[in-house]
Amino acid sequence: MAQQLVVTAIGTDRTGIVSQLARLVSDCNCNIVDSRMAIFGNEFTFIMLLSGDAAAISKIEYLLPSSGLALDLLTMTKRTSAHKPQPLSKPYQLSYTGPDKVGTLGAMSSLLADHQVYIGSLRSETVVKDGMPLTNTVMTVQLPAQVQPQQLQALIDRQLADMALTGSFEPQG
């Protein structure tokens, strides 16, 4: 029976890291089911969801720490199981932009958490436009059955206005 393992690797960005990690995964007879890579500052970050039989997952758990050390990467693993989707609404996209201030993402995510809104994906970055730092965030969210989209829209609009942000909350697809 297939098992799953989440692998995170962080280290100084350089050419070839993805190739070396993918080769290790293949050598251990694991499959990369899902992955994300990003560069933060000068740091490379890579998250993978691996699948394999018990022997393959155990092998990569054993080899990854020393391989990560040889590649100058901090690594972490965690066994998991297949994702079981919850009965939620179709996805909505919440996006906003405006002055970059401490606490913006925290305030927006707290509003969503207070209403049991599930955040499925998130990308937030600071960009400089005309010498001014701006936050730019895009989230994919899903609502529980008891939350009406129009009511959440009103709360989001109020929060955005209070924080001098512009944004939208729209169904996807």
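Cut-offs applied
- In every chain, residue numbers begin from 1 and rise along the written sequence.
- A pLDDT threshold of at least 70 governs which residues receive local features in this predicted model, and a stricter bar of 80 or more applies before side-chain atom pairs are shown or counted, although totals over entire chains, interfaces and linings include all residues.
- Side-chain figures throughout are based on the complete set of non-hydrogen atoms in the structure, without hydrogens or water.
- UniProt positions are given in the numbering used here, feature names are shortened, and annotations may be inferred rather than shown by experiment.
- The way it works is that DSSP assigns letters per residue, a run of H or I at least four long becomes a helix, a run of E at least two long becomes a strand, and they are numbered from the N terminus.
- For this analysis, residues touch if any pair of their heavy atoms sits within 4.5 Å.
- A helix is expected to span 1.5 Å multiplied by its residue count minus one.
- Using a 1.4 Å probe on the protein chains alone, a residue whose accessible area is under 20% of its type maximum counts as buried, one over 50% counts as exposed, and one in between counts as partly exposed.
- What the arc measures is the spread of directions leading from the helix axis to the C-beta atoms.
- Strands are labelled as partners when DSSP assigns at least two bridges between them.
- Angles here are taken between N-to-C directions and fall from 0 to 180 degrees, while the axes themselves are lines fitted to C-alpha atoms, restricted in helices to the stretch in contact.
- Buried and open spaces are told apart on a 1 Å grid over the protein atoms alone, a cavity being a set of points where a 1.4 Å probe fits but cannot get out and a pocket being an open set with protein on both sides within 12 Å along at least five of seven lines. Residues with an atom within 4 Å of a point are the lining residues.
- Grid points are joined across faces, edges and corners, and a volume is the space filled by probe spheres set on the points.
- The nonpolar class holds Ala, Val, Leu, Ile, Met, Phe, Trp, Tyr, Cys and Pro. Asp, Glu, Lys and Arg form the charged class, and all remaining residues, Gly among them, are polar.

- The protein chain goes by Glycine cleavage system transcriptional repressor in an unreviewed UniProt entry, where it is assigned to Rheinheimera riviphila.
- The UniProt entry for the protein chain carries this comment under Subcellular location (unreviewed entry): "Cytoplasm".

Quick look at the UniProt feature "domain: ACT" (unreviewed entry) in the protein chain
Move 1: Mapped onto the present numbering, the UniProt feature "domain: ACT" (unreviewed entry) falls on residues 93-173.
Move 2: End C-alpha atoms of residues 93-173 are separated by 10 Å, and the span's content is 31% helix alongside 44% strand.

Some details on the environment of Leu 74
Move 1: For Leu 74, the location among the structural elements is in strand E4 (residues 73-80).
Move 2: Taking the C-alpha atoms as reference points, Leu 74 and Ser 51, separated by 23 residues in sequence, lie 21 Å from one another.
Move 3: Apart from residues no more than four positions distant in its own chain, Leu 74 is found in contact with Thr 8, Ala 9 and Ile 10.

A look at helix H4 (residues 149-162)
Move 1: Across its 14 residues, H4 extends 20 Å between first and last C-alpha, which sits within 8% of the 20 Å expected from 1.5 Å per residue.
Move 2: Here H4 has its buried residues at Leu 152, Ile 156 and Leu 160. Here the buried residues of H4 occupy an arc of 75° about the axis, which is enough to place them on one side. Facing away from the buried surface of H4 by more than 90 degrees, the exposed residues are Gln 150, Gln 151, Ala 161 and Asp 162.
Move 3: Buried residues along H4 sit against strand E5 (92-99), helix H3 (104-114) and strand E8 (166-171).
Move 4: One or two steps after H4, the chain reaches Ala 164, where phi turns positive at roughly 60°.

Re the sheet that holds strand E3 (residues 43-52)
Move 1: Reading across the sheet, the 4 strands line up as E2-E3-E1-E4 and stay open at both edges, with antiparallel pairing between neighbours. Lying at the two open borders of the sheet, with one neighbouring strand each, are strand E2 (31-40) and E4. Along the sheet, successive strands turn relative to each other by an average axial angle of 15°, direction set aside.
Move 2: With 10 bridges joining them, strand E1 (residues 3-12) and E3 adopt antiparallel strand pairing. Note on E3: the bridge partner recorded for Val 7 is Met 48.
Move 3: Running over the sheet, helix H1 (residues 17-27) touches E1, E2, E3 and E4 and is turned about 20° from E3.
Move 4: Its contacts with the sheet place helix H2 (residues 54-70) against E1, E3 and E4, and it is angled at close to 160° to E4.

Structural notes on the layout of surface pockets
Move 1: By volume, the largest pocket amounts to about 870 Å³.
Move 2: Around the largest pocket, the lining is made up of 25 residues, and of these Arg 36, Ile 47, Gly 120, Ser 121 and Leu 122 lie nearest the centre.
Move 3: Among the secondary structure elements, those contributing two or more residues to the lining of the largest pocket are E1, E2, E3 and strand E6 (118-129).
Move 4: For the lining of the largest pocket, the class distribution of residues is 14 nonpolar, 7 polar and 4 charged.

Regarding the side chain of Thr 8
Move 1: Looking at where Thr 8 falls in the secondary structure, it is placed in strand E1.
Move 2: Relative accessible area serves as the criterion here: at 17%, Thr 8 is assigned to the buried category.
Move 3: Ignoring anything within four residues of it in the chain, the contact list for Thr 8 reads Phe 46, Ile 47, Leu 74, Thr 75 and Met 76.

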